[in-house]
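Residue-level structural notes
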Amino acid sequence: QVQLVESGGGLVQAGGSLRLSCAASGRTFSPATMDWFRQAPGKEREFVAGVIWSGGRTYYADSMKGRFTISRDNAKNTMYLQMNSLKPEDTAVYYCAARAVGRSDFHYWGQGTQVTVSS
């Protein structure tokens, strides 16, 4: 079984930066992709960014390009989300998720980490 734990959230002023981490447990970890999602109060969960685990190719929601950077460290079974130029509208709970090879859904989810951006 795989467990995902997010960390790095907190309170930051508009224009500031945060770096989120998602650590995966397990003896072996080889997902197809690892992805970040977020959910703001009263809003639907939305996709933020993802990384193809083997090779590290990344992909982003169009609105995230230029401000957010996703990366992974295979040796540490960890995914990161560097968030720069944060805006109040980025306030949300950020979740990481893993998609297993051969599946279209995200089988594993973390508990989420709160990001709050003040104006």
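Coordinates for the structure precede this section.
Attention in this report is confined to the structure presented alongside it. Values in this document were obtained by computation on a predicted structure and should not be read as measured data.

**Let's talk about the packing of aromatic side chains**
Within this structure, the stated rule accounts for six aromatic pairs. Ring geometry for F106 against W109: centres 6.0 Å apart, planes inclined by 65°, an arrangement best described as edge-to-face. For W109, a relative accessible area of 32% puts it in the partly exposed group. For the cation-ring pair, R45 lies above Y95, with the distance from its terminal atom to the ring centre recorded as 4.7 Å. The side chain of R45 reaches across the aromatic face of W109, ending 4.4 Å from its centre.

**Structural notes on the nonpolar core**
The biggest cluster of nonpolar side chains holds 28 residues, and the ones touching the most others in it are M34, W36, M79, L81, M83 and Y94. Counting residues per element, the ones that place at least two in this core are β3 (18-24), β4 (33-39), β5 (46-52), β7 (68-73), β8 (78-83), β9 (92-99) and β11 (113-118). Setting aside anything within four residues of it in sequence, one finds M83 in contact with G16, S17, L18, L20, R67, F68, Y94 and V115.

How each quantity is defined
Residues numbered from 1 in each chain as written. Predicted model: local features only at pLDDT ≥ 70, side-chain atom pairs only at ≥ 80, totals over all residues. Heavy atoms only, no water. Phe/Tyr/Trp six-rings, centres within 6.5 Å; stacked < 30°, edge-to-face > 60°. Buried < 20%, exposed > 50% of the residue type's maximum accessible area, 1.4 Å probe, protein only. Lys NZ or Arg CZ within 6 Å of the ring centre and 35° of its normal. Core = buried A, V, L, I, M, F, W, Y, C linked by side-chain atoms within 4.5 Å. Helix = DSSP H or I, 4+ residues; strand = E, 2+ residues; numbered from the N terminus. Contact = heavy atoms within 4.5 Å.

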